[in-house]
Amino acid sequence: MDPQSLITGPTGPLPAPYWFIQLFKTVGFWMHMIPMNLWFAGILIAMMGRTFGCPFARHFSHRLMSQMPILVALGINFGIVPLLFLQVGYFSFFYAATILTAWFWLSIVAILIPAYYGVYFYAFFRGGSEQGGVLRILVGWSVAGLFLLLGLLFANGLSLMVHVDAWGPIWEKTAVAGATLGLGSNLADANLYERWGIMFGLGTLTTAAWIVLDTAWFLRDVDSEWLAAYHGWTRRAAGILTVSGAILFVTAGSFYVFKTWSSELFEYMFTGIRLPLTVLTAVSPGLVFVACLRLGKKPRVDTSAALGMVLAQLTVLGLNAVSRQVVQNFQVGAYLDIGSLPTQVQWSPLISFLVLLLLGLAVIGWMVAQVIRTVRAEGKPSISR
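The rules we used
Residues numbered from 1 in each chain as written. Predicted model: local features only at pLDDT ≥ 70, side-chain atom pairs only at ≥ 80, totals over all residues. Heavy atoms only, no water. Helix = DSSP H or I, 4+ residues; strand = E, 2+ residues; numbered from the N terminus. Rg over C-alpha atoms; globule rule 2.2 N^0.38 Å. Buried < 20%, exposed > 50% of the residue type's maximum accessible area, 1.4 Å probe, protein only. Contact = heavy atoms within 4.5 Å. Areas by Shrake-Rupley, 256 points an atom, 1.4 Å probe, with all protein chains shown as cover. Lys, Arg positive; Asp, Glu negative; His and termini not counted. Charge placed at Lys NZ, Arg CZ, Asp CG, Glu CD. Core = buried A, V, L, I, M, F, W, Y, C linked by side-chain atoms within 4.5 Å. Salt bridge = Lys/Arg side-chain N within 4 Å of Asp/Glu carboxyl O. Patch = residues over 30% accessible without salt bridge, like charges linked within 9 Å, V, L, I, M, F, W, Y side chains within 5 Å. Phe/Tyr/Trp six-rings, centres within 6.5 Å; stacked < 30°, edge-to-face > 60°. Lys NZ or Arg CZ within 6 Å of the ring centre and 35° of its normal.

Each helix and strand in the protein chain was counted, giving 13 helices and two strands. The C-alpha atoms of the protein chain give 22 Å as radius of gyration, which agrees with the globular expectation for 385 residues (21 Å, within 12%). Expressed along its principal axes, the backbone C-alpha trace of the protein chain runs to roughly 70 × 50 × 45 Å. Here the protein chain holds 385 residues, and 48% of them are scored as buried. Counting contacts in the protein chain only where the partners sit at least 6 residues apart, residues at least 24 apart contribute 85% of the total. Per element, the accessible surface of the protein chain, about 18000 Å² overall, is 71% carbon and sulfur. Placing the 22 positive and 15 negative side-chain charges of the protein chain at their respective mean positions leaves the two points 14 Å apart.

Take a look at the structure:
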């Protein structure tokens, strides 16, 4: 079966300029990654700290899990933007891949709902008894596992999207009378697990930046001796997570580039203007490491140094979002040049999208400001929780 024959032609002109679709798909994915990293890797790190860590690790775990309902809500809503433009511009690939893996793709909703409720349960259920505390911990570990599984399921569908050559064999194995049953998967593709590992490495780096931000900006001085000790733990924890995340990112990224990239893609990404982008993306975790060193050994984590670490991680995520989009464009471009499709701008929905996006960001900004004010006024909760 010729893979090219599986690509459907355009059902109509693009409803927005190609550059517009690219811009908001990439920026939307960058925005989505920021909170998503904290539930993808952060919840597991928080539960490890809660179960096996010192009192300061348990304190951070309590703080992060208390913030998690808002972070999950932000991540889900920000995720709508890249998913919308993925369907608008890459429909020939997106729908074919997700139809072949329909039950895996639909299970994302079935898993996300209990994971979301579990986050709320952990954040607000206090349970005075020992059994209540055990139940809360079990829920926390279950939620961590569910979000890791969600990441794998997303990678399962989206990695298949660009592997058009795998569509035919999957269809032949799962079709009855020419109709696919939606039972296909891309779980045998090593590319999937390498992308998953890259994202977990990025999530670990984001969690390191969040620990520093939370300590420097959101904790008020209620006990100077305790706070100084907690700031010292923050520096050590951020350093360990930064190094761990960078090692995982580089390891998974190396396998992804040198093992799964075709020779054509490798040559494409290492020539022209894409060469500095590829190199910067690969070494970008070093920015977070350098920013982490700037925390120094002062009694308190400096707010400006903490902000520098956050900005460094935002740069890392931005470079990865751009590089991922460039790679995806090359891979789908082998079958369909989306940029050459005719365009007929639908101004009404386009303007509505921009207006609602700006209003939504303004509302979210106001909500986050209120949350920050509340968190900073919370003081130091019990670290035995």
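Now that the structure is up, let's keep going.
In this structure, Ile-43, Phe-93, Phe-147 and Met-309 are the most contacted members of the largest nonpolar core, which totals 106 residues. At 15 residues, the largest contribution of residues to this core is made by helix 1 (residues 18-52). In this structure Phe-93 touches Ile-7, Met-161, Val-164, Trp-167, Val-332, Tyr-335, Leu-336 and Ile-338, once residues within four positions along its chain are discounted.

In this structure the tally under the stated criterion is one salt bridge. Across the pair Arg-63 and Asp-214 runs a salt bridge whose closest N-O atoms are separated by 2.7 Å. Taken together, the positions of Arg-63 in helix 2 (residues 55-89) and Asp-214 in helix 7 (residues 190-218) put the pair 151 residues apart, joining distant regions of the chain.

This paragraph deals with a nonpolar patch on the surface. Side chains of Trp-103, Leu-106, Val-176, Leu-181 and Leu-183 sit close together on the surface and give an oily, nonpolar patch of about 540 Å² of accessible area. Relative to the helices and strands, Trp-103 resides in helix 4 (residues 102-124). Judged by its relative accessible area of 56%, Trp-103 falls in the exposed class.

By the definition in use, this model includes 28 aromatic pairs. Residues Phe-94 and Tyr-95 carry aromatic rings whose centres are separated by 5.3 Å and whose planes lie at 75° to one another, so their mutual orientation is edge-to-face. These aromatic residues form a ring-pair network of at least three members: Trp-19, Phe-20, Phe-24, Phe-85 and Phe-353. Over the face of the ring belonging to Tyr-90 we find Lys-25, whose NZ or CZ atom lies 5.2 Å from the ring centre. Directly above the aromatic system of Tyr-122 lies the positively charged group of Arg-136, at a separation of 4.3 Å from the ring centroid.

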